[in-house]
Each structure stands twice: as C-alpha cells, then as structure tokens.
Amino acid sequence: MKKFAYLLFVLLATVFNVTCVAAENDFVEIECSDSKFMFKVLDESAHTCELVRFTLQNTYAPVIPASVKIRNVDYSVISIGDRAFLQSFIEKITLPPTIEHIGKFAFYSTNIQELYLPKSVKTIDEFSLERGSYRVDKNNRHFSSENGVLYNKKKTELIYVPNNTTGKFVVPKSVVTLGTGAFDNCSKITEIVLPKSLKIIRPCCFNACKGLKGIKLPNSLDSIFYDAFRYCDFNEIDIPESVRYIDSKSFSCKVNVSRDNEKYSSVDGLLYTKDMTTLLNAPIDIEGEIVLPEGLQKIEEGVFQNCEKLTKITFPKTLKTIGKNSFNWCKNLKEVVIPASVDSIGYWAFDCNMVVDNQNKSYYSEDGVLYNKDKTKIVRFPSSRQGEFSIPNTVIDIENCCFRESKLSSIIIPNSVKTMGYQAFGTCKIDTLTIPNSVEYIGNSAFSFCTHIKNLIIPESVKKIDNGAFVCCYGMKTIEIQNPSVLIGESAFRSCMALEKLVLPKGLKREEIWELRDRAQILYK
C-alpha cells in the first residue's frame, strides 16, 4: 500500500502542472493543496526553476510539483534551495523525479524520518538533513544508501549518518573521505572505527559526538578540516605522522602530534605549525593564565573560542595576526593587551576590554574599545558593557560583529557612518534604532536577532540591504523603507513575526520584500 501511495504521488507530481502568476523578477508563489511554495526561475532557455521557500504550511507531508507554469510556460522544478524547509514541522516530503539538486540546510531541523532520493538527484549540499535517514533509488548514478547512511555511488565518501545511530559504527573499508557534518551531533554513537583507507575528514564531521570516549586516527590520514572534532567530550587525540593539513579550531581537546610529523607540533596540548610560528588549536578546558611563546606570529581563527576558564593571555612581541573569533565567549577573560607588532585583527576576536600598545601603527583603543589607528573604523566593542554608547563622529565603517551580543540598551550612530558590516549589531539588546541618512550599506545579518527593536526607518541613503540583515527581529512592528531603488537581499526580513505595518516608497517592487507581504499592512508614500 505504501509503495502504491508513493507511486501515486510521483505520478501526480509528474503530470500535474500548478498554474500561477509570475512576479516581475520571476519569484513565483504557488498554492498547492494545503501548502504554499515560493519558486524562482533558474534558466529561461531551459525552462527550469528552484523551490526557494516553503511559505505556508498546513500539512505535515507536502508534495513538491515536478513543474509549474510561469507566464503560461511549463518550468521543471530541478532544485530545492538553501534553507527551503528549514525549521518547518514537516514529517514527510515527496520529491518529484525532476529534482537534481538539494541545497544547504534544505530539510534541516524538520521532523522528516526518511528522505527518499529519486534517481534524478545529482548533488546534495552539506547539512541538508539533520535527524532522518536516507533511502536512495537504486538507479541513482551519484548516490547510494545503506541502513539510512548516505554515501556517494562508489562508497568512497561517507556523506551522512542519521544522528539517532547508536553504539559502535564501523566505517566501510572503501571510504576515503568523511563528508562535511557526516557524524554531526551523533551523540549516541560510543565508538567509531576508521579504515586504513581514510585520507580526508571534512568540516564538522564529528562535531558534538559527545558519546565518543576517544578515536584512533589511521596513519593514512592526510587532511583534517575545521570543527572536525569540535565539542567532543574526549580529553585528547593523537595526530599521526601522515597528516599534512589541519584547519584551525578542529578540536576541543588536547592535541598530541607525532614527533615524526613534518608539518605540525604540539606543546602542552596546544597545536602549532612545525616552526611554532602559527597557533592552530587550544583545548577548550584550558584554564588560568597562558603565556604564548616568543616567535609566534599568528593565532588562527577560533583558537581560544569558548575557553571559559581562561583568565589571562600574554601575547609575544613577535605576534602579527589575531584571527577572527579567536577569544570570543571567553567569559572570564576581562582584558587583553595588544602589542605594537600586531597589524591584523579578525572580526569578533574578543569580548573583553582591549588595550592597544601606543606604538601600534594599525590599531588604537579608547576606554576598552578597539578602533583602527585613525578612528575611521570601529572594530570591536566589549560585549558585557551596559548602558548607552555614542559612536565617535570620525567613524565611517562599523566593522563585522563590532557590537555582536552587546548588552548596551542604546547605541547612537553618527551621520558620518556609511557602512554596517556583517552582524555588526547581531543579537544586540538595543531597543531603539536610528539609522542616519548617511548609511549606504547594511551588511549581511547586520541586525539579526535584535529582538527588542520595535520600529525601524531605513533612510533614502541606503543603497543595499544585504541577506538576512534584519532576520529574526521578532519584536519588530513597523518598517519604513524610503529608497525605491534599494537592493534587498535574500531573507532580509525573514521571521519578523510581529510585523504589523510596512511603509514602502512608490516604485519599490513588492517582490523585493515578498517574505513580508502576507504578514503586514502595506502602505505607500
């Protein structure tokens, strides 16, 4: 009966074309049975389109059509876009036999128990599924499955393991590569046996595998990518001499490198390059005061991230580069002294007060706030500071993550500011926001998760609002956009759930803000 039902669904998806009205920029919203989907045209000449978003859910088992009508022309649905069904409550999905690509996080954080891949599927991006298992059509030329585990066709790459897998897992001897997030959050697996054929461990592969008590890396292994063993609970890991490439912040534990390894070395559990000029990894439970060795020139990104027991860090006079996210979420680190030698600091490197040596030629600090030397860029503000802060009127650029997770209730932005970078104010506690009529660019996720902001005016000076700029501003009630030619990125206002009124200039295409059209009263002025 189940096989018959599935075949019926496939038949309906194949022969039933959904008729709709095309938007000016070829975003098309379609009501199909109990669901609404948003599609966009991929290729006019080939008549293909992508499912961009699941916009209205009244069913737990939506069926995606194989084709849709746009301007009375049939377009084949060949792709499921990034995050298309993210955090929806669906329990089952039926893919049409036209689907060739599944995007990142397409079905992540859903209740899908099993995802059936038809033979048409050619590519799947990472983290497309979180909890369920895969079942692949035996005629698919690109993928295969076994007991819910997804492999490439030749089983040389293990792509995904369901996170409800328990006990011991033996990776097949044919596997050369473990894919991005392959064992992500598989917390019930207690032992993993890796084959002697293994060469590559891709990003986030064993992330949060908290049931593992340890793992033995084979001497065939060549490359380990970022976050590969992040947030695993074992205390240490041995790196064999065969390893030639390791990303920063790949581990949460102490690292012991074979003395015969030609590329890397370790001291007290910290991972360095062989010449000790670059620091790549520190154990997350490192505590107290750390003095880094002279000769060190670079701290890679995320090295001390979330090291909550770290209380003081002393940098050598040879240090030149501090990577992004290097010391964020180190809650007991109250202050850092940045030496004169440092000429590059990545975004959100610190959460604490920053004091810059007066002889430094690239950076300047004032009252714990980090700027570039001439104060035209504000780089980072201490996240625990409360109250009100006025940005100096010399500042033109608010750098990436500058006020990320700030506890300030008010930030006054001068009319000298032109750009606001990636997550510049992300997850802030500010309750009022005035964007001056000098700002031209609002960056990706610039105000994401600023849940206390209720009213927003985006002035005429703003030329671009990037992807996710105001995503998940749950308290937002009114938005006014003043520039009719402003470019608005994908998901710029997604999940502004409380929105009541949207004021738009005449000439702004409604499709630019399609996520808000059914949620708020729209006024033009």
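Look a little higher up for the structure.
A. Spotlight on the overall build of the protein chain. Assigned secondary structure in the protein chain consists of one helix and 45 strands. The C-alpha atoms of the protein chain give a radius of gyration of 26 Å, which matches the 24 Å a tight globule of 525 residues would have. If you line up the protein chain on its principal axes, its C-alpha atoms span 70 × 65 × 35 Å. By the burial criterion, 54% of the 525 residues in the protein chain qualify as buried. Within the protein chain, residue pairs in contact and separated by at least 24 positions form 26% of the contacts whose partners lie at least 6 positions apart. Per element, the accessible surface of the protein chain, about 23700 Å² overall, is 48% carbon and sulfur. Taken as two groups, the 65 positive and 61 negative side-chain charges of the protein chain have centres that lie 3 Å from each other.

B. Representation of unusual backbone geometry within the structure. In this structure, lysine 155 is a non-glycine residue whose phi angle is positive, near 60 degrees. Tracing the backbone through its elements, the reader meets lysine 155 in the loop between strand E12 (149–152) and strand E13 (157–160).

C. Structural context of the pairing of strand E29 (residues 335–338). By the alternation rule, side chains of E29 split into Val336 and Ile338, which are all buried, and Glu335 and Val337, of which none is buried. Sheet topology note: the E29/strand E31 (residues 353–356) ladder contains four bridges and is parallel. Residue pairing for E31: glutamate 335 is matched across the bridge by asparagine 353.

D. Representation of the packing of aromatic side chains in the model. What the rule picks out here adds up to 29 aromatic pairs. A centroid spacing of 6.2 Å and a plane angle of 90 degrees characterise the contact between tyrosine 108 and phenylalanine 127, whose relative ring orientation is edge-to-face. Placement of the pair is tyrosine 108 in the loop between strand E7 (101–102) and strand E8 (114–117) and phenylalanine 127 in the loop between strand E9 (123–124) and strand E10 (133–136), with a sequence separation of 19 residues. Look at phenylalanine 447 and phenylalanine 470: their rings are 5.2 Å apart centre to centre, the planes differ by 0 degrees, and that puts the pair in the stacked class. In this pair, phenylalanine 447 sits in the loop between strand E39 (441–442) and strand E40 (455–458) while phenylalanine 470 sits in the loop between strand E41 (464–465) and strand E42 (478–481), placing the two residues 23 residues apart along the sequence. The exposure class of phenylalanine 470 is buried, given its relative accessible area of 0%. In textbook terms, an aromatic cluster arises when at least three aromatic residues are bridged by ring pairs, as seen for Phe381, Phe389, Phe403, Phe425, Phe447, Phe470 and Phe493.

E. A look at the sheet that holds strand E24 (residues 278–281). Here we have six strands laid out as an open sheet, ordered E22-E23-E24-E26-E28-E30, and mixed in their pairing. Two strands lie at the open edges of the sheet, namely strand E22 (264–267) and strand E30 (344–345), each paired on one side alone. As defined by bridge partners, strand E26 (residues 298–299) adjoins strand E28 (residues 321–322) across two bridges and the pair is classed as parallel. When the bridges of E28 are listed, isoleucine 299 appears paired with isoleucine 322.

F. Quick look at the pattern of salt bridges. In total, this model carries 16 salt bridges according to the counting rule given. Salt bridges sharing partners connect three or more residues here, namely Arg53, Arg83 and Glu490.

G. Expanded view of the nonpolar core. Core analysis: the biggest nonpolar cluster contains 48 residues, and Ile398, Phe403, Phe425, Ile442 and Phe470 have the highest contact counts within it. Among the secondary structure elements, those contributing two or more residues to this core are strand E33 (369–372), strand E37 (407–412), E40, E42 and strand E44 (501–504). Leave out the neighbours within four places in its chain, and phenylalanine 470 touches Leu433, Ile435, Ile442, Phe447, Leu456, Ile458, Ile465, Met476, Ala492, Phe493, Arg494 and Cys496. Counting 39 residues, the second-largest nonpolar core is a separate cluster that includes Val171, Cys186, Leu194 and Leu221.

H. Layout of the sheet that holds strand E20 (residues 245–246). Strand order across the open sheet formed by seven strands is E11-E12-E13-E15-E17-E18-E20, with mixed pairing between neighbours. Two strands close off the open sheet at either side, each with one partner strand: strand E11 (143–146) and E20. Judged from the four bridges that link them, E11 and E12 form a sheet pairing that is antiparallel. Considered in E12, the bridge of serine 144 is made with tyrosine 151.

I. Main features of the environment of alanine 469. Within the fold, alanine 469 resides in the loop between E41 and E42. Residues contacting alanine 469, with those up to four places away along its chain left out, are Ile442, Gly443, Ser445, Ala446, Phe447, Ser448 and Ala492.

J. Just the pairing of strand E19 (residues 236–239), in detail. A one-sided burial pattern is seen for E19, the buried positions being Ile237 and Ile239 and the unburied ones Glu236 and Asp238. Sheet topology note: the E19/strand E21 (residues 254–257) ladder contains four bridges and is parallel. What sits directly across from glutamate 236, in E21, is lysine 254.

Calculation criteria
- Residues numbered from 1 in each chain as written.
- Predicted model: local features only at pLDDT ≥ 70, side-chain atom pairs only at ≥ 80, totals over all residues.
- Heavy atoms only, no water.
- Helix = DSSP H or I, 4+ residues; strand = E, 2+ residues; numbered from the N terminus.
- Rg over C-alpha atoms; globule rule 2.2 N^0.38 Å.
- Buried < 20%, exposed > 50% of the residue type's maximum accessible area, 1.4 Å probe, protein only.
- Contact = heavy atoms within 4.5 Å.
- Areas by Shrake-Rupley, 256 points an atom, 1.4 Å probe, with all protein chains shown as cover.
- Lys, Arg positive; Asp, Glu negative; His and termini not counted.
- Charge placed at Lys NZ, Arg CZ, Asp CG, Glu CD.
- Pairing = 2+ DSSP bridges.
- Phe/Tyr/Trp six-rings, centres within 6.5 Å; stacked < 30°, edge-to-face > 60°.
- Salt bridge = Lys/Arg side-chain N within 4 Å of Asp/Glu carboxyl O.
- Core = buried A, V, L, I, M, F, W, Y, C linked by side-chain atoms within 4.5 Å.

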